[in-house]
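The chain contents come next:
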Amino acid sequence: MSRELDQEFLLDARALEHAVALMGQTFVAGDAVSLGATLPETGMGSLATLDQLAPVVLGQAARLGSPVAFAHKDPPTPWVTWATTLWNASLNQNLLHPATAPVARALEEKVIAWLSPYFGMTGGHMTPGSSAANLTALWAARECAGVTEVVASDSAHLSIKKSAHILGLRFTMIPTDARGVLSVEALPKDMTRTALVLTSGTTSVGALDPLSLIGLAAWTHVDAAWGGPLRMTRYADRLAGIERADSVAVSSHKWLFQPKESALVFFRDAVNSTEAISFGGAYLTEPNVGLLGSHGATAIPLLAMLMSWGRAGVALRIERCMDLAEQLAEYISNEARLELFALPTTGIVVWRARSQPVFERLIKGLPGGMTSTVTIGQDKWLRNTAANPNADMSLMIETIRKVLDEA
Ligand SMILES: *Cc1c(COP(=O)(O)O)cnc(C)c1O
């Protein structure tokens, strides 16, 4: 007795072509899907669903690749990652079990093997973000080095404090200097039971904590969520010394242009670190490593981009971002009405107007997605983050100039 297959689970190339065509369409503001208050009893069908959702999901989304998108650490993504993400969704491999991901596990190992050397690490695995990567690394620190305390600067990412809380470790916050760098003289004298966290590219101002401090504590973790990929560029020296860290976190969904959720945790002693955070289970043929149970093949879009661009192609895009940040910083330093916080070292430009009324006008007048704001001490500043290689700096400077001249 043969039964007809459920077409919803089969490849429908024409329907997918339609989905792709919708991605190139422009939608008018106000196009909206009317979603009822309760789950519909009868579905509308997949093609109709795409047509209904497109004006909202595609039409109303933030456009991270727009010519003025320069506000956050969220990059546009290259199309090869869209295609491979579609493959991933269709295959739905589960990396927890070798049987349900025979090649995907090997491909993640390949990505880790390709990227670890840039950080002097011997291995690691992917996580859904650097918040999870930081937690994983500090978990390994607790298991391998017996740490009881996490020390980080007041500019460390909130996931560090959160991780200490989850892991039952004391959290000690160290002040930063005027440029947002961890103040070395404020470090505890005894760090024999401490995991020291150094940030390479702080969230607010992109500062680089001194990596010369690696080795002073029982474990040193480098949160290179943002700045890490500079290791693949001509700016690699800005993170010199990172190879001596015990662990490193890098968000590939930031400066490696990956769709979320994509990040990496690396260990210098990957064998022991990984073993310390692995659990076996009756239903598992291989131990479960790290925080996640079932998880997908986020390595595949990353691998595809690395194959497509090579190291040089990755560097080219990041270096372009760095150039854009430098152009913006130069304009700001030469504009008498504006003040630059510091020269950007990791593509993050922090600035403000010298007068309060002009500052307010900038905050109101600049287009959404072009700048964000950040509070440093008691003061509010504007912040640009160079994650978009297609940003148009002349257009952005022109836009700022217009708002300045509006008075
Ligand atoms: C973004 C960021 C994080 C958190 O990473 P997610 O990938 O957003 O979870 C941690 N630390 C720093 C320095 C970051 O920039």
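Residues numbered from 1 in each chain as written. Predicted model: local features only at pLDDT ≥ 70, side-chain atom pairs only at ≥ 80, totals over all residues. Heavy atoms only, no water.

Next up on the list: the overall build of the protein chain. When you go through the protein chain residue by residue, the secondary structure sums to 10 helices and 13 strands. Its C-alpha atoms give the protein chain a radius of gyration of 23 Å, near enough to 22 Å, the size a compact globule of 407 residues would have. The buried share of the protein chain, reckoned over its 407 residues, is 47%. Looking at the protein chain alone, contacts between residues at least 24 apart form 70% of all its contacts between residues at least 6 apart. As displayed, the protein chain has an accessible area near 20,300 Å², and 56% of this comes from carbon and sulfur atoms. The distance from the centre of the 32 positive side-chain charges to the centre of the 38 negative ones in the protein chain is 5 Å. (Helix = DSSP H or I, 4+ residues; strand = E, 2+ residues; numbered from the N terminus. Rg over C-alpha atoms; globule rule 2.2 N^0.38 Å. Buried < 20%, exposed > 50% of the residue type's maximum accessible area, 1.4 Å probe, protein only. Contact = heavy atoms within 4.5 Å. Areas by Shrake-Rupley, 256 points an atom, 1.4 Å probe, with all protein chains shown as cover. Lys, Arg positive; Asp, Glu negative; His and termini not counted. Charge placed at Lys NZ, Arg CZ, Asp CG, Glu CD.)

The next point concerns the environment of I160. Summarising the element assignment, I160 is placed in helix α6 (residues 158-167). Between the alpha carbons of I160 and S131 there is a distance of 7.7 Å; along the sequence they are 29 residues apart. Sequence-distant contacts of I160, that is, excluding residues within four places in its chain, are made with N134, L138, V150, A152, F171, V197 and D223.

Attention shifts here to helix α3 (residues 79-91). With 13 residues, α3 extends 19 Å between its outermost C-alpha atoms, agreeing within 8% with the 18 Å of an ideal straight helix rising 1.5 Å per residue. Along α3, the residues classified as buried are V80, T81, T84 and N88. Buried residues of α3 fall within an arc of 95° about the axis and therefore sit on the same side. The exposed set on the far side of α3, more than 90 degrees from its buried face, consists of W79, A89 and S90. Within two residues after α3, N92 carries a phi angle of roughly 50°, on the positive side. (Expected span 1.5 Å × (residues − 1). Arc of directions from axis to C-beta.)

Once that is clear, we can look at the pairing of strand β11 (residues 348-353). Of all the 6 residues making up β11, 6 are buried; the element is thus mostly covered by neighbouring parts of the structure. Side chains of β11 alternate between two faces, with I348, V350 and R352 and V349, W351 and A353 buried alike.

We now examine the nonpolar core. Among the nonpolar cores identified, the biggest contains 82 residues, and V248, L264, W351, L362 and I400 are the most heavily contacted of them. No other element matches helix α8 (residues 299-334), which puts 17 residues into this core. Residue contributions to this core reach at least three from each of two domains, namely domain 1 (79-308) and domain 2 (311-406). Counting 23 residues, the second largest nonpolar core, distinct from the first, contains A140, V197, A270 and I277. (Core = buried A, V, L, I, M, F, W, Y, C linked by side-chain atoms within 4.5 Å. Domains from an automatic or database assignment.)

Further remarks concern the site of the ligand. Close contacts around the ligand come from 15 residues, with S131, D223, S251, H253 and K254 the closest. Contact distances for the ligand include 2.9 Å between an oxygen atom and a side-chain N or O atom of K73. In this structure, a nitrogen atom belonging to the ligand sits 2.6 Å away from a side-chain N or O atom of D223. Coverage of the ligand by the protein chains reaches 87% of its 380 Å² of free accessible surface. (Near = heavy atom within 4 Å. Polar contact = N/O pair within 3.5 Å; in protein donor to acceptor, adjacent residues only side chain to side chain.)

Glancing now at the domain arrangement of the protein chain. Partitioning the protein chain into domains gives domain 1 (79-308) and domain 2 (311-406). Between the C-alpha centres of domain 1 and domain 2 there is a distance of 28 Å. In this assembly, 23 residues from domain 1 lie in contact with 25 residues from domain 2. Between domain 1 and domain 2, a total of about 2,000 Å² is buried, with carbon and sulfur atoms accounting for 64% of that surface. Among the residues domain 1 hides against domain 2, the three largest losses belong to W226, W255 and F257. Together they make up 26% of the total. The interface formed by domain 1 and domain 2 includes 2 salt bridges. (Buried area = accessible area lost by both parts, 1.4 Å probe. Salt bridge = Lys/Arg side-chain N within 4 Å of Asp/Glu carboxyl O.)

Residue placement: C144 occurs in helix α5 (residues 130-145). Residue C144 is classed as partly exposed on the basis of its relative accessible area of 38%. Considering only alpha carbons, one finds C144 and W219, 75 residues apart in sequence, at a separation of 8.8 Å. In this view, C144 contacts W219, N272, S273 and A276; residues no more than four positions away in its chain are not counted.

A separate point is α6. Every buried residue of α6 is listed here: S159, I160, S163, A164 and L167. Seen along its axis, α6 keeps its buried residues to an arc of 145°; they face one direction. In this structure, α6 carries L158, K161, H165 and I166 as exposed residues pointing more than 90 degrees from its buried face. Taken together, the buried residues of α6 touch α5, β2 (149-153), β3 (170-174), β4 (194-199) and β5 (219-223).

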